[in-house]
Amino acid sequence: KQMLEQVLRELRPLCTAEQQFIEEFFQLSHDAADLQVLEVSVRTLSPPVPLASPPSSLAQGEEPTSQLLSKIFSSLEPELREFLDICNKIHPFSCLQVLVTLSDSIFETWGSSSALPSPFFNTVLGNTLLLAKSTFNKCIETLCEELEEAKVPSKMKGGILPSVSHFEEFVNFSEEVFRSARRRGELDKAHLRLVSSVFSSIDSLPSENLKVSTDMVMMENFHHIHCFLCQKKIHCLEGKKREAKQRCNEHMEKYVIQYLGQPLEKLNHFFEGVKARLAQGLREEEVSFQLAYSKQELRKVIEKYPGNEVKRALETLYRKIHKHLSPEENLLLVVWHAMERELMRQYQEFEGLIRRCYAGSGIAMDFTMEDLLSYFNSITLSS
């Protein structure tokens, strides 16, 4: 970046001085008729077109000198392009620094209160900036493909995916490069494209490569992205930050429901059948007359879940979750409390079904809501 800035600093006064010499030495006329002839000639030669229109005060005097300067400095633009190619080969993301340097140079040129430089130099600078933008866009396109196609390590046990880590590396590098840039429109567009590619890579996570729950890995990675975007505070990614939080919660809910079937699996299965019969139109008071859902069958299922067995099952579940989750994300207690809330909800649902469908039977589960709370609290405190 510093080398490119030095090159531009030295080229600008050189072209400006050459412009002034040509205008004074050849005493170029600003007569409208002469300029019209020169304009036709210049258009025939098809010189580069400036990126931005210069001030109207230069509009009449730029064409004659630009034609001569393009002959004098005929190798300038090709050599400048070759220099940028070398920069891109040195570092894969050097196109970001090139883009910022050229953009800032153009803003500095037109925002300067001193004498404006050669229109020819502005044209070269503008064309070089167009090249830099094209290179930058190709770099982002390639990076998007790499993120979407990033392979998950064989038999991955969880943790942050390679695509998420690569996205973070790029954002950290690019934000540092653009920290003092005068405009960042190109970077904001790139960030939006890249974060969409990262989301796609998480969504296409192959479950066969994982030793743990797919929802758990997706939950952790969306949580990681949300925390990262909260830290970076990038305005254009606020929507994606909220989406990452939402996606994290969705996969946490799926993970919780998937694993909560284990502590009370037979109870879940029994009451799912009861709800299915009710959905088919069976009246609540008739449920207990169904052979598979009789009072006797309900008592058999409830006997399988004495309070001490439920607590042991929860302890086993806690150890399993602790083993699966990445310590770096610090989501253990978050997931555990989500599981606590879900199990409380299930318990209340079971109680309600017993009260409505088995009224007056005296049937009740071996543990209470207060017992469940104490199980979760003791497991949390002892961990």
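Every value quoted in this text rests on a predicted model; they were computed, and no experiment measured them.

K.L.:
Lay out the overall build of the chain with the relevant residues and their values.
P.N.:
Assigned secondary structure in the chain consists of 15 helices and 0 strands. Across the 383 residues in the chain, those meeting the buried criterion constitute 45%. By sequence separation, contacts in the chain at least 24 residues apart represent 79% of the contacts at least 6 residues apart. Surface exposure of the chain reaches about 20800 Å², of which carbon and sulfur atoms provide 51%.

K.L.:
Quick rundown of helix α13 (residues 307–324)? Include the residues and the values.
P.N.:
Compared with an ideal rise of 1.5 Å per residue, which puts 18 residues at 26 Å, α13 spans 26 Å between its outermost C-alpha atoms and is within 8% of the ideal. Burial in α13 covers these residues: Gly307, Val310, Leu314, Leu317, Tyr318, Ile321 and His324. Buried residues of α13, seen end-on, are gathered within an arc of 125° and therefore sit on one face of the element. Exposed and oriented more than 90 degrees from the buried face of α13 are Arg319 and Lys323. Elements in contact with the buried residues of α13: α9 (214–232), α10 (238–260), α14 (332–357) and α15 (369–382).

K.L.:
Account for the pattern of salt bridges, naming residues and giving values.
P.N.:
This structure, assessed with the given rule, holds 17 salt bridges. Note that Glu243 and Arg247 form a salt bridge whose closest N and O atoms lie 3.5 Å from each other. Note that Glu243 and Arg247 are positioned in helix α10 at a spacing of 4 residues, about one turn of the helix. Its relative accessible area of 15% is what places Arg247 among the buried residues. One connected set of salt bridges, linked through shared partners, spans Glu272, Lys275, Glu342, Arg345 and Glu349.

K.L.:
Explain the environment of Tyr318 to me, and be specific about the residues and the numbers.
P.N.:
With respect to the helices and strands, Tyr318 occurs in helix α13. The buried category is assigned to Tyr318, whose relative accessible area is 8%. Taking the C-alpha atoms as reference points, Tyr318 and Phe376, separated by 58 residues in sequence, lie 9.5 Å from one another. Apart from the residues within four sequence positions on either side, Tyr318 is in contact with Leu332, Trp336, Ile379 and Ser383.

K.L.:
So what's going on with the confidence of the model for the chain? Residues and values would help.
P.N.:
The predicted model of the chain averages 81 in pLDDT, with 77% of residues at 70 or higher. Element-level pLDDT for the chain is lowest in helix α2 (residues 32–45), with a mean of 40, against a maximum mean of 95 in helix α12 (residues 295–303). Every residue in residues 29–62 is under pLDDT 50, and counting partners more than four places away or in other chains gives 30 contacts.

K.L.:
Help me get a handle on helix α8 (residues 185–203), residues and values and all.
P.N.:
In this model α8 runs 28 Å from its N-terminal to its C-terminal C-alpha over 19 residues, within 8% of the 27 Å that 1.5 Å per residue would give. Restricting attention to buried positions, one finds in α8 the residues Glu186, Leu187, Ala190, His191, Leu194, Val195, Ser197, Val198, Phe199, Ser201 and Ile202.

K.L.:
Please give an account of the packing of aromatic side chains that cites residues and values.
P.N.:
If you walk through the whole model with that rule in mind, you get 10 aromatic pairs. Pairing Phe199 with Phe222 gives two aromatic rings, centres 5.2 Å apart and planes at 85°, and the pair type is edge-to-face. One end of the pair, Phe199, is in helix α8; the other, Phe222, is in helix α9, and 23 residues separate them in sequence. The class of Phe199 is buried, set by a relative accessible area of 4%.

K.L.:
A description of the packing of α9 against α10 should follow, citing residues and the corresponding values.
P.N.:
Where α9 contacts α10, the two axes come as close as 8 Å, and the packing angle between them is 155°. If you check the angle between α9 and α10, you find them roughly antiparallel. Seen from above, α9 lies across α10 with left-handed handedness. In this structure, α9 uses Asp215, Met216, Met218, Met219, Phe222, His223, Ile225, His226, Leu229 and Cys230 to contact α10, whose residues at the interface are Lys240, Lys241, Ala244, Lys245, Arg247, Cys248, His251, Met252, Lys254, Tyr255 and Gln258. Partitioned by chemical class, the residues of the contact of α9 with α10 number 11 nonpolar, 4 polar and 6 charged.

What counts, and at which threshold
Residues numbered from 1 in each chain as written. Predicted model: local features only at pLDDT ≥ 70, side-chain atom pairs only at ≥ 80, totals over all residues. Heavy atoms only, no water. Helix = DSSP H or I, 4+ residues; strand = E, 2+ residues; numbered from the N terminus. Buried < 20%, exposed > 50% of the residue type's maximum accessible area, 1.4 Å probe, protein only. Contact = heavy atoms within 4.5 Å. Areas by Shrake-Rupley, 256 points an atom, 1.4 Å probe, with all protein chains shown as cover. Expected span 1.5 Å × (residues − 1). Arc of directions from axis to C-beta. Salt bridge = Lys/Arg side-chain N within 4 Å of Asp/Glu carboxyl O. pLDDT = per-residue confidence, 0-100. Phe/Tyr/Trp six-rings, centres within 6.5 Å; stacked < 30°, edge-to-face > 60°. Axes fitted to C-alpha atoms, helices over the stretch in contact; angles between N-to-C directions. Parallel < 35°, antiparallel > 145°, perpendicular 65-115°, else oblique. Left-handed = near helix turned anticlockwise from the far one by under 90°. Nonpolar A, V, L, I, M, F, W, Y, C, P; charged D, E, K, R; others polar.

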